[in-house]
Amino acid sequence: QVQLVESGGGLVQAGGSLRLSCKFSGRTFGDYAMGWFRQAPEKEREFVAAVSWSGDNTFYTASVKGRFTISRDNAKNTVYLQMNNLKPEDTAVYFCAAGNTMAALRRYEIDYWGQGTQVTVSS
């Protein structure tokens, strides 16, 4: 059974940092591009970032570029989202996801979702 388990969310003041982690199990981790999405209250789920199978390529939505960094450690079957200079508008439930390619993730073509972790940024 495939599982994606997120951790690292919490409450942080504006300007602070958090690092989210997502542990993948049940399939070959290196076969999947990985991504992060977020969903704020009463908003649609939106794409945040994606990383390729090897970790060599990344893509970010414009609102987080320069502040967030996605990475993966295939030896640990884990994908990370380092979030710096957090803003109140970053408040959301953050979900990790696995897909065939980065392009598929950007099209919201998701094979597996994590359960989500809450990130709250206070002003």
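Everything that follows concerns the structure shown earlier in this document.
Residues numbered from 1 in each chain as written. Predicted model: local features only at pLDDT ≥ 70, side-chain atom pairs only at ≥ 80, totals over all residues. Heavy atoms only, no water.

Asks: So, the overall build of the protein: which residues are in play, and what are the values?
Replies: Along the protein, the regular secondary structure elements total one helix and 11 strands. When the helices and strands of the protein are read in sequence order from the N terminus, they spell out β-β-β-β-β-β-β-β-β-α-β-β. Scaling as 2.2 N^0.38, a compact globule of 123 residues should have a C-alpha radius of gyration of about 14 Å, and the protein matches this with 13 Å. Considered along the principal axes of its C-alpha atoms, the protein spans approximately 40 × 25 × 25 Å. For the protein, buried positions account for 43% of its 123 residues. Counting contacts in the protein only where the partners sit at least 6 residues apart, residues at least 24 apart contribute 59% of the total. The protein carries 13 positive and 11 negative side-chain charges, and their two centres are separated by 4 Å. (Helix = DSSP H or I, 4+ residues; strand = E, 2+ residues; numbered from the N terminus. Rg over C-alpha atoms; globule rule 2.2 N^0.38 Å. Buried < 20%, exposed > 50% of the residue type's maximum accessible area, 1.4 Å probe, protein only. Contact = heavy atoms within 4.5 Å. Lys, Arg positive; Asp, Glu negative; His and termini not counted. Charge placed at Lys NZ, Arg CZ, Asp CG, Glu CD.)

Asks: Quick one: what's the story with the packing of aromatic side chains, residue by residue and with numbers?
Replies: Considering all chains together, one arrives at eight aromatic pairs under this definition. Measuring from centroid to centroid gives 5.4 Å for Phe24 and Phe29, while their planes differ by 50°, and the two rings are tilted. For the residue pair Phe24 and Phe29, the accessibility class agrees, reading buried in each case. Centre to centre, the rings of Phe95 and Trp113 are 6.2 Å apart; their planes meet at 80°, and the pair counts as edge-to-face. Here the residue Phe95 occupies a position in strand E9 (residues 92-99), and Trp113 occupies one in strand E10 (residues 112-113), the gap between them amounting to 18 residues. Exposure remark for Phe95: the relative accessible area of 9% places this residue in the buried category. What makes Trp113 partly exposed here is its relative accessible area of 35%. Put simply, the rings of Phe37, Phe47, Phe59, Phe95, Tyr108 and Trp113 pair up and form one aromatic cluster. For Arg45, the ring lying beneath its charged end belongs to Trp113, and the centroid distance is 4.6 Å. (Phe/Tyr/Trp six-rings, centres within 6.5 Å; stacked < 30°, edge-to-face > 60°. Lys NZ or Arg CZ within 6 Å of the ring centre and 35° of its normal.)

Asks: I'd like a rundown of the pairing of E9, residues and numbers included.
Replies: When you tally the buried positions in E9, you get seven out of eight residues, the bulk of the element. Both E9 and strand E11 (residues 117-122) contribute to a ladder of three bridges, which runs antiparallel. Looking across to E11, one finds that Tyr94 is bridged to Thr117. Where E9 lies against E10, two bridges are found, and the strand directions are antiparallel. When the bridges of E10 are listed, Ala98 appears paired with Tyr112. (Pairing = 2+ DSSP bridges.)

Asks: Please set out the sheet that holds strand E1 (residues 3-7) residue by residue, giving values where relevant.
Replies: Across the sheet, which stays open at both edges, the four strands sit in the order E1-E3-E8-E7 with antiparallel pairing between neighbours. The two strands at the open ends of the sheet, each matched to only one other strand, are E1 and strand E7 (68-73). Sheet twist, expressed as the average angle between the axes of neighbouring strands with direction ignored, equals 15°. (Axes fitted to C-alpha atoms, helices over the stretch in contact; angles between N-to-C directions.)

Asks: Before we move on, can you summarise the nonpolar core with the specific residues and values?
Replies: Counting 28 residues, the largest nonpolar core has Met34, Trp36, Leu81, Met83 and Tyr94 as the members making the most contacts within it. Contributing elements (two or more residues each) for this core: strand E3 (18-25), strand E4 (33-39), strand E5 (46-51), E7, strand E8 (78-83), E9 and E11. Counting eight residues, the second-largest nonpolar core is a separate cluster that includes Ala33, Phe47, Ala97 and Met102. (Core = buried A, V, L, I, M, F, W, Y, C linked by side-chain atoms within 4.5 Å.)

Bear in mind that shape data such as this cannot, by itself, settle questions of function.
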